[in-house]
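# Examination of the molecular architecture
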Protein chains: 2
Amino acid sequence: MPKGGRPAPLRSTPADPPVTHASLALSAALREVSAEIDRRFDLLLPVPSDPREDLYRAMRHAAIGGGKRLRPLLVFATARLFGVDHDPMGRVATAIECIHVYSLVHDDLPAMDDDDLRRGKPTVHKAYGEAAAILAGDCLHALAFEILAHEETHPDPFVRAELIGELARASGAGGMAGGQMMDLVAEHKSFDLPTVTRLQAMKTGALIACAVEAGAILGRLAPEGRTGLRGYAHDLGLAFQIADDILDATGDEEKAGKRLRKDGAAGKETFLTLLGLDRAREQARMLVDQAVEHLRGYGAEADLLRDIARFVLERDR
Amino acid sequence: MPKGGRPAPLRSTPADPPVTHASLALSAALREVSAEIDRRFDLLLPVPSDPREDLYRAMRHAAIGGGKRLRPLLVFATARLFGVDHDPMGRVATAIECIHVYSLVHDDLPAMDDDDLRRGKPTVHKAYGEAAAILAGDCLHALAFEILAHEETHPDPFVRAELIGELARASGAGGMAGGQMMDLVAEHKSFDLPTVTRLQAMKTGALIACAVEAGAILGRLAPEGRTGLRGYAHDLGLAFQIADDILDATGDEEKAGKRLRKDGAAGKETFLTLLGLDRAREQARMLVDQAVEHLRGYGAEADLLRDIARFVLERDR
């Protein structure tokens, strides 16, 4: 039993970095959050015995048992700063993950990125057909707002409405889906660095930022007190995307559980093509340092947020 | 100038039914609501000069200048019973129409109903490609909730959260999108009358009922006072769908502005195949009478709702 009753470390392989206090807490948090999100999706999506069976199976296939659960973890790590109760955090984390998962299902469609593999499994349209995949995405999209609107998410309807407004803005044409449109255009148009930065700030940054913002909203932190957390989320989102570009170019498909080298094949400009590998790595490191610096107003209670930022550079999937 | 300063009647053609007080008010309301929804979408969806241009054009193509605007009209007609202000009604009507429009864009996709024509125009994926159509649908979906969450929709966040919960439930796996899944399954499975009724109550009924419910929520009508309006909406939704099946089998494609005879071609069971034309017509008439009967607690202020129910039987598109 490890000292202090902390959870046992994950099985160590020769490739693992040395286990530190910080990475230990992060591994435990990642496992806990993943298990909780899986459990919540399992309860939310019981397969009915009626003709919608495949719709629910498709939603479960997409939502359960995979992914890093980075956005849920950010909700938990932020909301815990303010002593928020567990159940509201879990509900909000699940709602945001609904949006992330629906976007993966739609992005994988043949008309979009046309991917057969996701999280090491066949993509939803490969397993259940395109029509079910489109509808499963739509249903997860609606489910996100159904969860947030429910009074169990927070007794104060003002908090619920604020969470919903944030999530809708982050996921729509001004955020995630708008960024995905830009990404499709990038296949036949050459973007410069500011445009790629804006694209990525929308496509992945907006929802990452929303997860942190949602934690702050649950914590009843007034908007003027959110500057540090917003700065953290912004820099984290960009660092995450640069790391993703590096992973796409240099990573291991088997570990990643999805097709890589897509950007190069599509002739897209990315942080990597625009900056080169060395400057991209340096840029990501700098952004992570900046993200951590934004948390200077917080003490040890924000260590998990700091660890998440550092983890972004080390991940291999 | 007609007596009483009412709007001039629409140009009469030999095929028009005799112009009555009721149909006059309904025509005027339909025109007013259509113009208002178009105006609101026009303001909500300005085309940006960035790579998302086609995304916004696709949304505008889908949302502006077409359709009966039945759901928005139901929001207005119901909310007016309770003296609700104009702007909240307009915002809620637009949000619900966002969901209806996104569902049409996704349903028309090649993997779903594969339609080339909608409201007399090419479908969105025909005009802008499948990827833009999927994303335009997703963005309209998010926009609906963004509109509702905004404090301009209603000063009381409890009302906003209630509207959002209703719309999310009506449009997700337990409502519209779940019904669409059943409809796809119906192409290769023979459904009985109760299953077809449930399918249609979900696929089209849920959003129609939501429009009426939203009017009542805006009017601060307590849930226990909504029984009559709910009964009205339920029967109206079914009558609407039976009329739609009849139109699909007997209507004029040019007037309808879309491909007809699809259900027959797909070998699907519908109210028409299960009941036959005469009994289907009779059933729709009975449902309309029942819908009107549910409004017995209301006086002349509910005449527009009564007219809408009767209009459902007469429409030719």
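What comes next concerns the included structure. Keep in mind that what you see is a predicted model, and the values were worked out from it rather than measured.

## Some remarks on the packing of helix α3 (residues 70-79) of chain B against helix α9 (residues 193-218) of chain B
Pairs of packed helices are described in terms of their axes, by the angle between the two and the distance that separates them. Residues and elements named next belong to chain B. Relative to each other, α3 and α9 sit at 30 degrees, their axes nearing to 7 Å. One way to sum up the angle between α3 and α9 is to call them roughly parallel. Our pair here, α3 against α9, has a crossing hand that is right-handed. Contacts between α3 and α9 involve L70, R71, L74, V75, T78 and A79 from the former and L207, I208, A211, V212, G215 and A216 from the latter. Taken together, the residues that form the contact of α3 with α9 break down as nine nonpolar, two polar and one charged.

## A closer look at the state of the cysteines
For the structure shown, the criterion picks out zero disulfides over all chains. Distance from the sulfur of C210 of chain A, which forms no disulfide, to the nearest cysteine sulfur (C98 of chain A) is 13 Å. Judged by its relative accessible area of 4%, C210 of chain A is buried. Take C139 of chain B: it sits in no disulfide, and the sulfur closest to it among the cysteines is that of C98 of chain B, at 11 Å.

## Thoughts on the interface of chain A and chain B
Across the boundary between the two partners, chain A contributes 47 residues, which contact 47 residues of chain B. For the pair chain A and chain B, the two sides together bury roughly 3800 Å², of which 76% comes from carbon and sulfur. Where chain A touches chain B, the interface holds two salt bridges. A salt bridge links D50 of chain A to R198 of chain B, with the nearest nitrogen and oxygen atoms 3.1 Å apart. In this assembly, chain A and chain B are joined by seven residue pairs in polar contact (both at pLDDT 80 or more). Residue assignment for the side of chain A that touches chain B shows that the elements contributing at least two residues are α2 (53-63), α4 (86-107), α6 (130-149), α7 (157-171), α8 (176-185) and α9 (193-218) of chain A. No other element matches the 12 residues that α6 of chain A contributes to the side of chain A that touches chain B. Looking at the side of chain A that touches chain B residue by residue, the class counts come to 29 nonpolar, nine polar and nine charged.

## Here's the deal with the relation of the copies chain A and chain B
For the match of chain A to chain B, the screw axis carries a shift of 0.0 Å, the RMSD comes to 0.0 Å, and the turn is 180 degrees. Taken together, the rotation angle and the small translation identify this as a two-fold axis. An overlap of 100% is found between the interface residues of chain A and their copies at the interface of chain B, pointing to a shared contact surface.

Criteria and thresholds
Residues numbered from 1 in each chain as written. Chains lettered and ligands numbered in written order. Predicted model: local features only at pLDDT ≥ 70, side-chain atom pairs only at ≥ 80, totals over all residues. Heavy atoms only, no water. Axes fitted to C-alpha atoms, helices over the stretch in contact; angles between N-to-C directions. Helix = DSSP H or I, 4+ residues; strand = E, 2+ residues; numbered from the N terminus. Parallel < 35°, antiparallel > 145°, perpendicular 65-115°, else oblique. Left-handed = near helix turned anticlockwise from the far one by under 90°. Contact = heavy atoms within 4.5 Å. Nonpolar A, V, L, I, M, F, W, Y, C, P; charged D, E, K, R; others polar. Disulfide = S-S within 2.5 Å. Buried < 20%, exposed > 50% of the residue type's maximum accessible area, 1.4 Å probe, protein only. Buried area = accessible area lost by both parts, 1.4 Å probe. Salt bridge = Lys/Arg side-chain N within 4 Å of Asp/Glu carboxyl O. Polar contact = N/O pair within 3.5 Å; in protein donor to acceptor, adjacent residues only side chain to side chain. Least-squares fit on C-alpha atoms with pLDDT ≥ 70 in both.

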